[in-house]
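# Inside the fold
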Number of protein chains: 2
Amino acid sequence: MPGPIQSLSRAAAILRLLAGGERRLGLSEVATALDLAKGTAHGILRTLQQEGFVEQDAESGKYQLGAELLRLGQSYLDVHELRARALVWADDLARASGETVYLGVLHQRGVLIVHHVFRPDDTRQVLEVGSMQPLHSTALGKVLLAYDPVARGELGEEPLEAYTLRTLTDPADVDAECALIRERGWSDSVEETWEGVASIGALIQDRRRNPVGAVCISGAVETVCEDGFVKPSLVASVRSAARAISRDLGAGRF
Amino acid sequence: MPGPIQSLSRAAAILRLLAGGERRLGLSEVATALDLAKGTAHGILRTLQQEGFVEQDAESGKYQLGAELLRLGQSYLDVHELRARALVWADDLARASGETVYLGVLHQRGVLIVHHVFRPDDTRQVLEVGSMQPLHSTALGKVLLAYDPVARGELGEEPLEAYTLRTLTDPADVDAECALIRERGWSDSVEETWEGVASIGALIQDRRRNPVGAVCISGAVETVCEDGFVKPSLVASVRSAARAISRDLGAGRF
DNA sequence: CTCTTGCGGTCGACATTGTCGACCGTCTGT
DNA sequence: ACAGACGGTCGACAATGTCGACCGCAAGAG
């Protein structure tokens, strides 16, 4: 039976739809958006609601995502082997560099943040675990693009979105950059996604050298860069953290 | 068609099963655990995998939860109205009290943490958003039990699990405690779940007085209590935060 | 080295199951 | 009071998911 289960695919589409739109959606909105009969959409929504994946606002009757998703998302993190092994190294990296540390994995057309260590100062920061970053304009994304053919495949050949003046928007330019990244073994991104923010990334691989994720540090251009380039000492810290995590991951299997 | 969609319920059961067990599960394990034919279980797993809800370990063939769940869980938080409105108040409460602040909602048989503000000192703390706390032994849980009939229903009449010597295990005792909580308008829990930890909770309600969640502060017995009782000044802070959030929530609708 | 055992995965027949579109009651805004 | 749109229900139909036997493979036992 090598075909997806229809009702499940539809349910997933509904969940993604609800996740996409900021506001709650009504039954009819859902049905028309996905081109389903109202009855069908209702059946799926009712089941999802029973299971806790979707909640219905009591008075408006509109639907939104449910709490069970949060719980399952947390469970995902609990089981995640890469994350578990990287926790302590990420902490050390943040302390050594004085910058924010992100740990990400390839997911669909972006990088999903699975761990986030706050910059060790007292400024207010919001946790970004569970959010996505673009592939072509971040240190995490570019290092994955450079080493993971699947990531490169997701990118396509169309012109890419520009977030700042320095964003690479031509896939050919990105490929050239990736060649450089492979050559020197690390990636950087200076104001390619957010003005004033620079980051340095390195690849994490399992014991068979398959790319499984990436670490990066991210901070203000003023602290991460020097004379227009990222500081070599920070590069060294990131690469050594990535190596440590990779080693840890390889050892873990046996 | 007032019946749940079979394949969806089964998919949800599989996800919960994967979330429950710490380790990855094989196809046959899943099938036997849920009493499904292997082919059926495979079909569901294949679809879930395609949608990103489940991932398969390349070499062992075993299944675990997928990254899409983390993303959707995050989206749930983004849309969550209670959480959005409570963010700033929770921050204030943490600063004023010097203790950890939790924000929780009723979910199944427990309290799901939807927001967590770290104690404002520099000790290492792990984020508990997405995790669950028991109903009968925490400040968050007991205040929900006291005001939300649904929560009380979930509790049942069976003896409850004891986490410490001070845990209330007899539902009748819990009911008596709830009466007290309703009378004075706040809940506390001193070493009922974790040794050395005390917390104070208060109810959050929408504009029609429906209970929608709870806030609490939680900290070491030594700092939260005085002469064997929780400090009245902290109680006042928590209650005033809960009122503020409730008011905010009510005002938001129009 | 071969045989056995268990694994993940596939296949095709069957009938259960989800789907569809018309229909109902209600609420809202006109 | 009306019209429209909403969420939700119903029952007929057939498309759909389910089942259990089967396949190839890898690991472990003999």
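Counting of residues starts from 1 at the beginning of each chain's written sequence and follows it residue by residue. For this description, chains carry letters from A and ligands carry numbers from 1, given in the order in which they are written. Since the coordinates come from a predicted model, pLDDT governs what is reported: local features require at least 70, and pairs of side-chain atoms require 80 or more to be given and counted, while whole-chain, interface and lining totals use all residues. To get the side-chain values, all heavy atoms of the structure are used, and hydrogens and water are removed first.

Let us look at the relation of the copies chain A and chain B. After a rotation of 180 degrees and a shift along the axis of 0.0 Å, chain A superposes on chain B with an RMSD of 0.1 Å. Overall, the copies show the geometry of a two-fold rotation axis. Residue Gly73 of chain A of chain A places its C-alpha closer to the rotation axis than any other residue of that unit, at 2.7 Å. Contacts are assigned to residue pairs that have any heavy atoms within 4.5 Å of one another. Counting the interface residues of chain A, we find that 100% of their copies in chain B are interface residues as well, pointing to one common contact surface. C-alpha atoms of residues with pLDDT of at least 70 in both copies form the basis for the least-squares superposition of the copies.

The subject of this paragraph is the domain arrangement of chain A. The split of the chain into domains comes from an automatic or database domain assignment. Taken domain by domain, chain A holds domain 1 (6–70) and domain 2 (80–251). Centre-to-centre separation of domain 1 of chain A and domain 2 of chain A, based on C-alpha positions: 34 Å.

This next bit is on the packing of helix H1 (residues 6–20) of chain A against helix H3 (residues 38–50) of chain A. Residues and elements named next belong to chain A. Angular values range over 0 to 180 degrees, each being the angle between N-to-C directions of two axes fitted as lines to C-alpha atoms, with helices fitted over their stretch in contact. Here a helix means four or more residues in a row that DSSP labels H or I, a strand means two or more in a row labelled E, and each is numbered from the N terminus. For the pair H1 and H3, interaxial distance at closest approach is 10 Å and the crossing angle is 75 degrees. Here H1 is positioned roughly perpendicular relative to H3, judged by the angle of their axes. Where H1 abuts H3, its residues Ser7, Arg10, Ala11, Ile14 and Leu15 lie against Thr40, Ala41, Ile44, Leu45 and Leu48. For the contact of H1 with H3, the residue count by class is 7 nonpolar, 2 polar and 1 charged. Orientation labels follow simple angle bins: below 35 degrees gives roughly parallel, above 145 gives roughly antiparallel, 65 to 115 gives roughly perpendicular, and whatever is left gives oblique. Just so you know the grouping, Ala, Val, Leu, Ile, Met, Phe, Trp, Tyr, Cys and Pro go in nonpolar, Asp, Glu, Lys and Arg go in charged, and all remaining residues, Gly too, go in polar.

Before going further, it helps to examine helix H4 (residues 67–79) of chain A. If you check H4 of chain A, its first and last C-alpha atoms are 19 Å apart, about what 13 residues at 1.5 Å a residue would give, namely 18 Å. With 12 of 13 residues buried, H4 of chain A is to be regarded as a mostly interior element. Any helix carries an expected span of 1.5 Å times its number of residues minus one. Exposed residues in this analysis have more than 50% of their type's maximum accessible area, buried residues have under 20%, and partly exposed residues fall in between, with area computed by a 1.4 Å probe over protein chains only.

What makes a salt bridge here is a side-chain nitrogen of Lys or Arg within 4 Å of a carboxyl oxygen of Asp or Glu, nothing more. Under the definition given, this model contains 33 salt bridges over all chains. Its salt-bridge partner being Arg16 of chain B, residue Glu51 of chain A comes within 2.4 Å of it at the nearest N-O pair. Here Arg16 of chain B lies in helix H1 (residues 6–20) and Glu51 of chain A lies in the loop between H3 and strand S1 (54–56), a pairing that spans two chains. Overall, the relative accessible area of 26% leaves Arg16 of chain B in the partly exposed class. Among the ionic pairs, Glu177 of chain B bridges to Lys142 of chain B, the shortest N-O distance being 2.8 Å. With Glu177 of chain B in helix H8 (residues 171–184) and Lys142 of chain B in helix H6 (residues 139–147), this residue pair connects regions lying 35 residues apart in the sequence. For the pair Glu177 of chain B and Lys142 of chain B, a shared accessibility class is recorded, and that class is buried.

Taken together, the 6 strands give an open sheet; going across it, the order is S5-S4-S3-S8-S7-S6 (chain A), and neighbouring strands pair in antiparallel fashion. The open sheet has two edge strands, strand S5 (132–134) and strand S6 (187–190) of chain A, and neither has a second partner. For this sheet the average axis-to-axis angle between neighbouring strands, irrespective of direction, equals 30 degrees. Whether two strands pair depends on DSSP finding at least two bridges between them. Sheet analysis places strand S4 (residues 110–117) of chain A next to S5 of chain A, joined by 3 bridges and oriented antiparallel. Within S5 of chain A, the position partnered with Val111 of chain A by the bridge is Gln133 of chain A. Of the strands in this sheet, strand S3 (100–107), S4 and S5 of chain A touch helix H4 (residues 67–79) of chain B, which is tilted by about 70 degrees from S4 of chain A.

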